[in-house]
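# Close look at the chain arrangement
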Amino acid sequence: MMQEKIARTRGVFSPVVTPFKADLTPDAVRLLRHCRWLLSNDVGLAVFGTNSEANSMSVDEKVELLDRLIDGGIDPARMMPGTGMSALTDSVTLTAHAARRGCSGVLMLPPFYYKGVTDEGLFRSFSEIIQRVGDSKLRVFLYNIPPVSQIPLSVGLVGRLIDAYPDTVVGIKDSSGDWNVTKSYIDNFGDRGFAVFPGSESFLLQGLRNGASGCISATANVHPGPIAQMLDVFESDQADAHQARLNQIRGIFARYPMISALKAAIAHYSGDAEWETVRPPLVELDSEQKTAFLKELNDAGFTMPGLAA
């Protein structure tokens, strides 16, 4: 059982950016095309993540998009949709739907509106969702992103959830940006088959060398093949040079508003300008930012092979 968990959850996942039409409705056709391209580069699909603008979308919109993807031929076993929301009942609705549709797991934010909540309150929230969904096939990957949520997931809380739901709470994405936090999850729970995913490929080589299962990274939207390749080369003498290249590209994107930069890159390399559209309160890169950004990518020899409009 433990080995099965590790095998099932290893890899690189992309929090897939959500394309919007000019009227700001989600564009399922473009999303399906982008998901197919990511899968062709051996990257799994963490749709409805932070970089998906998920918290700017309704539950109904996400349910419909998930159905459109699966009905359009995307294998749900390659999907880890984000289902954690502020409202407990919204989280239950989307989590249950993802489990019914056969997704390999769900990526679950804590309820993030109220700050300073206790581990007891967080445990009750996660526990209530799991019990209300009541599906033995459900696999939950916790999502720790305190720079955004302001709700850190402590080692004590994670351990309590694993103890209570050992076959359900099977992993975590750590977007704390602090390697010591990521390593604390690996050190405390890795030998139990618990999958730990750093939230950036900047920690991918270090993570793999210490027992991480891969990563779930924004820039896997645009640089999927090289990031996924690290799982094949991390034990070779090419690994450090490969990581340096990943860091170079990640660094360019990190100098700009991330979601808008990801969409600008996809728009540029696909020739499809509508990809630049973001939902308010986000705004697209302005002309000066976009010119500087694309020049940096060009100077770095960046490409997105196989991307089609």
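Rules of the game
- Residues numbered from 1 in each chain as written.
- Predicted model: local features only at pLDDT ≥ 70, side-chain atom pairs only at ≥ 80, totals over all residues.
- Heavy atoms only, no water.
- Pairing = 2+ DSSP bridges.
- Helix = DSSP H or I, 4+ residues; strand = E, 2+ residues; numbered from the N terminus.
- Axes fitted to C-alpha atoms, helices over the stretch in contact; angles between N-to-C directions.
- Buried < 20%, exposed > 50% of the residue type's maximum accessible area, 1.4 Å probe, protein only.
- Contact = heavy atoms within 4.5 Å.
- Phe/Tyr/Trp six-rings, centres within 6.5 Å; stacked < 30°, edge-to-face > 60°.
- Lys NZ or Arg CZ within 6 Å of the ring centre and 35° of its normal.
- pLDDT = per-residue confidence, 0-100.
- Parallel < 35°, antiparallel > 145°, perpendicular 65-115°, else oblique.
- Nonpolar A, V, L, I, M, F, W, Y, C, P; charged D, E, K, R; others polar.
- Core = buried A, V, L, I, M, F, W, Y, C linked by side-chain atoms within 4.5 Å.
- Right-handed = clockwise from strand over helix to strand, strands pointing away.

### Quick look at the sheet that holds strand β6 (residues 195-198)
- Pairing is parallel in the open sheet, where 4 strands are placed in the order β3-β4-β5-β6. Sheet topology places β3 (106-108) and β6 at the edges, where each strand pairs with a single neighbour. Across the sheet, the mean angle from the axis of one strand to that of its neighbour is 25°, orientation sign disregarded.
- Strand direction decides the pairing type here: strand β4 (residues 140-144) and strand β5 (residues 169-174), joined by 5 bridges, are parallel. Along β5, the bridge assignment pairs L142 with I172.

### Describing the environment of I252
- Along the chain, I252 falls in helix α11 (residues 239-254).
- I252 gets classed as buried once you look at its relative accessible area, which sits at 4%.
- Spatially, the C-alpha atom of I252 lies 6.9 Å from that of E296, the residues being 44 residues apart in sequence.
- Each residue touching I252, except ones within four places of it in the same chain, is listed here: F293, E296, L297 and A300.

### Quick notes on the side chain of H97
- Checked against the element boundaries, H97 lands in helix α4 (residues 88-100).
- Since its relative accessible area comes to 12%, H97 is described here as buried.
- The contacts of H97, once residues within four sequence positions are left out, are V63, L66 and D67.

### With respect to the packing of aromatic side chains
- By the definition in use, this model includes 9 aromatic pairs.
- When the centroid spacing of 6.2 Å and the interplanar angle of 65° are considered together, the rings of F141 and F197 count as edge-to-face. Placement of the pair is F141 in strand β4 and F197 in strand β6, with a sequence separation of 56 residues.
- You can call F141 buried: its relative accessible area is 2%.
- The interplanar angle of 70° and the centroid separation of 6.0 Å between the aromatic rings of F253 and F302 together place this pair among those described as edge-to-face. With F253 in helix α11 and F302 in the segment after α13 (287-299), this pair connects stretches of sequence that are 49 residues apart. For the pair formed by F253 and F302, the shared burial category is buried.
- Three or more aromatic residues joined by ring pairs make a cluster, and in this case those are F253, Y256, Y269, F293 and F302.
- Its end group placed over the ring of F123, R160 keeps NZ or CZ at 3.8 Å from the ring centre.

### Some thoughts on the confidence of the model for the chain
- Per-residue confidence for the chain averages 96 on the pLDDT scale, and 97% of its residues sit at or above 70.
- Scored below 50 in pLDDT, residues 1-8 shows 11 contacts in the model against residues more than four places distant or in partner chains.

### Quick word on the packing of helix α3 (residues 59-71) against α4
- Contact geometry of α3 with α4 gives a least axis separation of 10 Å together with a crossing angle of 5°. Looking at the two axes, α3 sits roughly parallel to α4. From α3, V59, K62, V63, L66 and D67 reach across to α4, where they touch D90, T93, L94, H97 and A98.
- When grouped by side-chain class, the residues that make up the contact of α3 with α4 number 5 nonpolar, 2 polar and 3 charged.

### Observations concerning the nonpolar core
- If you look at the biggest cluster of nonpolar residues, it comprises 78 residues, and the most contacted ones within it are V47, M79, L142, L153, V158, F253 and F293.
- The dominant element in this core, judged by the number of residues it contributes, is helix α12 (residues 258-270), at 7 residues.
- Setting aside residues no more than four positions away along its own chain, L142 makes contact with L107, M108, F126, L153, V158, L161, V169, G171, I172 and K173.
- Judged by nonpolar contacts, the second largest core, of 15 residues, contains L205, M230, L231 and A239.

### A word on the sheet that holds strand β7 (residues 214-216)
- One open sheet holds the 3 strands; their spatial order is β2-β1-β7, and the pairing between them is parallel. Each edge of the open sheet is held by one strand with a lone partner, namely β2 (44-45) and β7.
- Bridging between strand β1 (residues 11-14) and β7 involves 3 bridges; their strand directions are parallel. Across the sheet, residue V12 finds its bridge partner in β7, namely C215.

### Details of the pairing of β5
- With 6 of 6 residues buried, β5 is to be regarded as a mostly interior element.
- Note that β5 and β6 share 4 bridges and pair parallel. Residue pairing across strands places G171 opposite A195, the latter belonging to β6.
- Following the backbone out of β5, through helix α8 (residues 179-189) and into the adjacent parallel β6, one traces a crossover that is right-handed.

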